[in-house]
Amino acid sequence: MCGSREALLNCFFDMTPLERLNRALVIRKALTDLMTAEEAEAHEGITDYFEDYVRDLVIDYENSIKVDLPAFLS
C-alpha cells in the first residue's frame, strides 16, 4: 500500500501506461462530477490542460502495446 509520501510517489512511478491512463480517467470523472457549471466555466483552462494530459497518456499506452503480426502481414 502507498502509506508514506515517498511510497505514494513510487506507486505513481511504478504504474503501467494503462494504469496511469485509468487513474487519469477516474480523476477526470471525479472533477467533472464535483464541479458546478459555473466552476467548470471558470476553470475551463484546467479542463483543457487535463484533456491534453489524457491524450498524451493514450499515446503512451498505444506505444506500450506490442503487436506480433504474422509474417505474411508484416
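Above this note sits the structure.
Read on for an overview of the structure. (Residues numbered from 1 in each chain as written. Predicted model: local features only at pLDDT ≥ 70, side-chain atom pairs only at ≥ 80, totals over all residues. Heavy atoms only, no water.)

## Observations regarding the nonpolar core
Side chains of nonpolar character tend, in soluble globular proteins, to be buried together. The biggest cluster of nonpolar side chains holds five residues, and these are Leu-21, Ala-24, Phe-50, Val-54 and Leu-57. Counting residues per element, the ones that place at least two in this core are α2 (17-34) and α4 (44-64). In terms of residues, this core owes the most to one element, α4, which gives three residues. Not counting residues up to four positions away in its chain, the partners in contact with Ala-24 are Phe-50, Tyr-53, Val-54 and Leu-57. (Core = buried A, V, L, I, M, F, W, Y, C linked by side-chain atoms within 4.5 Å. Buried < 20%, exposed > 50% of the residue type's maximum accessible area, 1.4 Å probe, protein only. Helix = DSSP H or I, 4+ residues; strand = E, 2+ residues; numbered from the N terminus. Contact = heavy atoms within 4.5 Å.)

## Topic: the environment of Ile-27
Mapped onto the fold, Ile-27 is located in helix α2. Residue classification places Ile-27 among the partly exposed positions, given a relative accessible area of 38%. Sequence separation between Ile-27 and Phe-50 is 23 residues, and the spatial gap between their C-alpha atoms is 9.5 Å.

## Section: a nonpolar patch on the surface
Taken together, the side chains of Ile-65, Val-67, Leu-69, Phe-72 and Leu-73 present a nonpolar region at the surface, about 550 Å² in accessible area. Here Leu-73 lies in the segment after α4. For Leu-73, a relative accessible area of 52% translates into the label exposed. (Patch = residues over 30% accessible without salt bridge, like charges linked within 9 Å, V, L, I, M, F, W, Y side chains within 5 Å. Areas by Shrake-Rupley, 256 points an atom, 1.4 Å probe, with all protein chains shown as cover. Salt bridge = Lys/Arg side-chain N within 4 Å of Asp/Glu carboxyl O.)

## Re the pattern of salt bridges
Tallied over the full model, the rule gives four salt bridges. Between Glu-51 and Arg-28 there is a salt bridge, with the nearest N and O atoms lying 3.1 Å from each other. Taken as a pair, Glu-51 in helix α4 and Arg-28 in helix α2 lie far apart in primary sequence, 23 residues in all. Classification of Glu-51 as partly exposed rests on a relative accessible area of 28%. Judged by its relative accessible area of 29%, Arg-28 is partly exposed. The closest approach of N and O atoms between Arg-55 and Asp-52, which form a salt bridge, is 2.7 Å. With Arg-55 and Asp-52 both in helix α4 and three residues apart, the pair spans about one turn of that helix. In this structure Arg-55 comes out as partly exposed when scored by relative accessible area, which is 48%.

## Quick look at the packing of aromatic side chains
On inspection of all chains with the given rule, the structure shows one aromatic pair. Centroid distance Phe-50 to Tyr-53: 5.9 Å. Interplanar angle 50°. Geometry classified as tilted. Taken together, the positions of Phe-50 and Tyr-53, both in helix α4 and three residues apart, correspond to about one turn of that helix. The exposure class assigned to Phe-50 is buried, which follows from its relative accessible area of 14%. Overall, the relative accessible area of 33% leaves Tyr-53 in the partly exposed class. (Phe/Tyr/Trp six-rings, centres within 6.5 Å; stacked < 30°, edge-to-face > 60°.)

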